[in-house]
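So you can see what is in the structure, the chains are spelled out below.
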Amino acid sequence: MQKKKNNSLQLLGGLAPETFLADYWQKKPLLIKNAISDFAGLLTPDELAGLACEDAVQSRIVKYKKGQWYADQGPFDEDDFANLPEKPTVDNNWTLLVQSVNHHLPEGAALLQQFDFIPHARLDDLMVSYAPNGGGVGPHFDSYDVFLLQGQGKRLWRISEQTDLSLVDGAPLRILQHFDTSQEWLLEAGDMLYLPPHLAHWGIAVSDGDDDCMTYSIGFRAPKNQELATEFLGFMQDQLNQDKLVLNGIYQDADLQLQDHAAEIGKEMIAKVSANLQKIKWSNEAIAEFLGTYLSEPKADVVFEPNKKMAMRNFTEKLAKIGIALDLKSQMLFSTDNFYLNGEVTTWVGEPANILTKLADQRYIEARNIQDAPLLQQLYDWYIAGYLSFDS
Ligand code: SIN
Ligand code: CO
């Protein structure tokens, strides 16, 4: 526990995580010089471009040319990169953005783990951008909390306290029509800027040609209330279909009175249906189950590769020797006895629950002394499904 605190202290520029949460989180920006000492980045520009050429990776190239914005979706190939302007100018530049780098790079997952003073349930992904001098995605705001960690090169960040958040019509990405700079900072390798949602910002790559700019965005999702409501109603519908809600019987109107208009939906009918629907109730346990399954559900483009059959005996031996980790793409959460892994729920108590709590918190467990046969079987099943890995 002490170790976690010390790590967070440097990452937050000496602030205790509690102070950061109380004074800055979701409230105001924070610039942290030297958040990670000697941070040289996690991958080279070529490696990032390589990722952007893979089918399973979400990437974009944003271009700015003569006052117009363009956005192309990956996967890309060598020609796409060869056709980019060799000598970008203020009027003709570009940036490459690669999402969910933590799903492909163990170092990316390890970097996110340093931010575990924020609950995993809020985590979105690690996005990495690359831009030559002058490149960027323009002035905009995001709907999530983000830590912008500078890798190689430099980036000039401008923020604005403006309340006018109107966007340029018809642009392929969200660009603010106006931007009034309130503050600006030049971030160098290892510096980090925290921004709460809806704060207007504008990052411009600054490079003398040697070290083009790479920025690591550690993003935390802040779901829209409407999205949560829609998803929750879907969850409730499943509960209804599985007869988990008490709504028995059929509509009854033994007390039906003669109406003046046969076509009118009478007040009595409305009142009876209303009384029935108000029987739909949910407990905090149901909300926890909804959140656990929804927030641990993999994004639509995530595919798990099942592991080749390994005999249970070999699995158990390897497990005892080197422990096991969540696959880079896995998301695990828990609430009381329920453990949610990639949208699926299982219930555990006692020592197995302690072990799974560690796995969910740290994404890795040493597993020398696991004796519990059902837990071993569960770990084995998750491993075969590709949810756990010996290599991540
Ligand atoms: C970038 O890394 O270029 C953009 C990050 C952001 O503005 O959210
Ligand atoms: Co942004």
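Overview of the structure. Keep in mind it's a predicted model, so treat the numbers as computed, not measured.

What counts as what
Residues numbered from 1 in each chain as written. Chains lettered and ligands numbered in written order. Predicted model: local features only at pLDDT ≥ 70, side-chain atom pairs only at ≥ 80, totals over all residues. Heavy atoms only, no water. Phe/Tyr/Trp six-rings, centres within 6.5 Å; stacked < 30°, edge-to-face > 60°. Helix = DSSP H or I, 4+ residues; strand = E, 2+ residues; numbered from the N terminus. Buried < 20%, exposed > 50% of the residue type's maximum accessible area, 1.4 Å probe, protein only. Lys NZ or Arg CZ within 6 Å of the ring centre and 35° of its normal. Pairing = 2+ DSSP bridges. Axes fitted to C-alpha atoms, helices over the stretch in contact; angles between N-to-C directions. Donors = N, O, S within 2.8 Å, 3.2 Å for Na, K, Ca; no water. Near = heavy atom within 4 Å. Polar contact = N/O pair within 3.5 Å; in protein donor to acceptor, adjacent residues only side chain to side chain. Areas by Shrake-Rupley, 256 points an atom, 1.4 Å probe, with all protein chains shown as cover. Nonpolar A, V, L, I, M, F, W, Y, C, P; charged D, E, K, R; others polar. Salt bridge = Lys/Arg side-chain N within 4 Å of Asp/Glu carboxyl O. Contact = heavy atoms within 4.5 Å.

Quick word on the packing of aromatic side chains
Following the criterion strictly, the structure yields 28 aromatic pairs and no others. Summarising the aromatic geometry, the rings of F232 and W282 are spaced 5.1 Å apart at their centres and angled 80 degrees between planes, so their arrangement reads as edge-to-face. Separated by 50 residues along the polypeptide, F232 in helix α6 (residues 225–241) and W282 in the loop between α7 (267–277) and α8 (284–296) bring together distant segments of the chain. A residue is classified by how much of its surface remains accessible, and F232, at 9% relative accessible area, is buried. Between the aromatic rings of F315 and F390, the centroid separation amounts to 5.7 Å while the plane-to-plane angle is 50 degrees, which identifies the pairing as tilted. Pair noted here: F315 is in helix α9 (residues 312–322) and F390 is in the segment after β17 (388–389), with a separation of 75 residues, a long-range link. Here F315 falls in the buried class, since its relative accessible area comes to 0%. Given the relative accessible area of 13%, F390 is considered buried. Put simply, the rings of F20, Y24, W25, F115, F117, F147, Y194 and F220 pair up and form one aromatic cluster. The residue whose ring lies beneath K28 is Y24, and the NZ or CZ to ring-centre distance is 5.1 Å.

Notes on the sheet that holds strand β15 (residues 344–347)
The strand order across the open sheet built from three strands is β13-β14-β15, with neighbouring strands paired in antiparallel fashion. Both edges of this open sheet fall to β13 (332–335) and β15, since each of them pairs with a single strand only. Along the sheet, successive strands turn relative to each other by an average axial angle of 25 degrees, direction set aside. As judged from the four bridges shared by β13 and strand β14 (residues 338–341), these two strands associate in the antiparallel manner. Directly across from L333, in β14, lies its bridge partner Y340.

Remarks on the coordination of the cobalt ion (ligand 2)
Of the protein atoms, only H140 (NE2), D142 (OD) and H201 (NE2) coordinate the cobalt ion (ligand 2), at distances of 2.0 to 2.1 Å. In the primary structure, the donors to the cobalt ion (ligand 2) are separated according to the pattern H-x1-D-x58-H. On the criterion of sequence distance, the pair formed by H140 in the loop between β5 (123–131) and β6 (145–150) and H201 in strand β10 (residues 200–206) is long-range, its members being 61 residues apart. The exposure class of H201 is buried, given its relative accessible area of 3%.

A short note on the site of ligand 1
Around ligand 1, the neighbouring residues are L97, M127, S129, V137, H140, D142, L148, R155, W157, H201, T215 and S217. Contact distances for ligand 1 include 3.1 Å between an oxygen atom and a side-chain N or O atom of H140. At a separation of 3.3 Å, an oxygen atom of ligand 1 approaches a polar side-chain atom of R155. Considered on its own, ligand 1 offers 260 Å² of accessible surface; in the complex 96% of this is hidden by protein. Mapped onto the shell around ligand 1, the elements with two or more residues apiece are β5, β7 (154–160) and β11 (213–220). Class assignment for the residues of the shell around ligand 1 results in five nonpolar, five polar and two charged.

A look at the pattern of salt bridges
Across all of its chains, the model carries eight salt bridges by this definition. The closest approach of N and O atoms between D255 and K272, which form a salt bridge, is 3.0 Å. In this pair, D255 is assigned in the loop between α6 and α7 and K272 in helix α7, connecting sequence segments 17 residues apart. Its relative accessible area of 47% is what places D255 among the partly exposed residues. Judged by its relative accessible area of 24%, K272 is partly exposed. E366 is the salt-bridge partner of R368, the closest N and O atoms lying 3.6 Å from each other. Accessibility expressed as a relative area gives 57% for R368, which makes it exposed. Here E366 falls in the exposed class, since its relative accessible area comes to 53%.

Here we look at helix α5 (residues 106–113)
Regarding α5, the residues found buried are G108, A109, L111, L112 and Q113. The inward-facing, buried residues of α5 abut β5, β6, β11 and α10 (350–362).

Regarding the sheet that holds strand β1 (residues 30–32)
Backbone hydrogen bonds hold the strands of a sheet together, and the pairing may be parallel or antiparallel. In spatial order, the strands read β1-β9-β6-β11-β5-β4-β2-β3; together these eight strands make up an open sheet with antiparallel pairing. Both outer strands of the open sheet, β1 and β3 (68–73), are each paired with one neighbouring strand and no more. Pairwise comparison of adjacent strand axes, ignoring direction, gives a mean angle of 20 degrees for this sheet. The pairing of strand β2 (residues 59–65) with β3 spans six bridges and is antiparallel. Across the sheet, the residue bridging to K65 is Q68, located in β3. Contacts from helix α3 (residues 45–52) reach β2, β4 (92–98), β5 and β11 within the one sheet, and its direction differs from that of β4 by about 70 degrees. Each of β5, β6 and β11 is contacted by α5, which is oriented at about 120 degrees to β5, the strand it contacts most.

Description of the pairing of β14
Side-chain alternation along β14 places N338 and Y340 on one buried face and F339 and L341 on a second face that is also buried. Between the antiparallel neighbours β13 and β14 lie two residues, among them T336 with a positive phi of about 45 degrees. Note that β14 and β15 share four bridges and pair antiparallel. If you follow F339 over to β15, its bridge partner there is T346. Taking the residues that link successive antiparallel strands as the turn, the β14-β15 hairpin has two residues, and the phi of N342 there is positive, at about 50 degrees.

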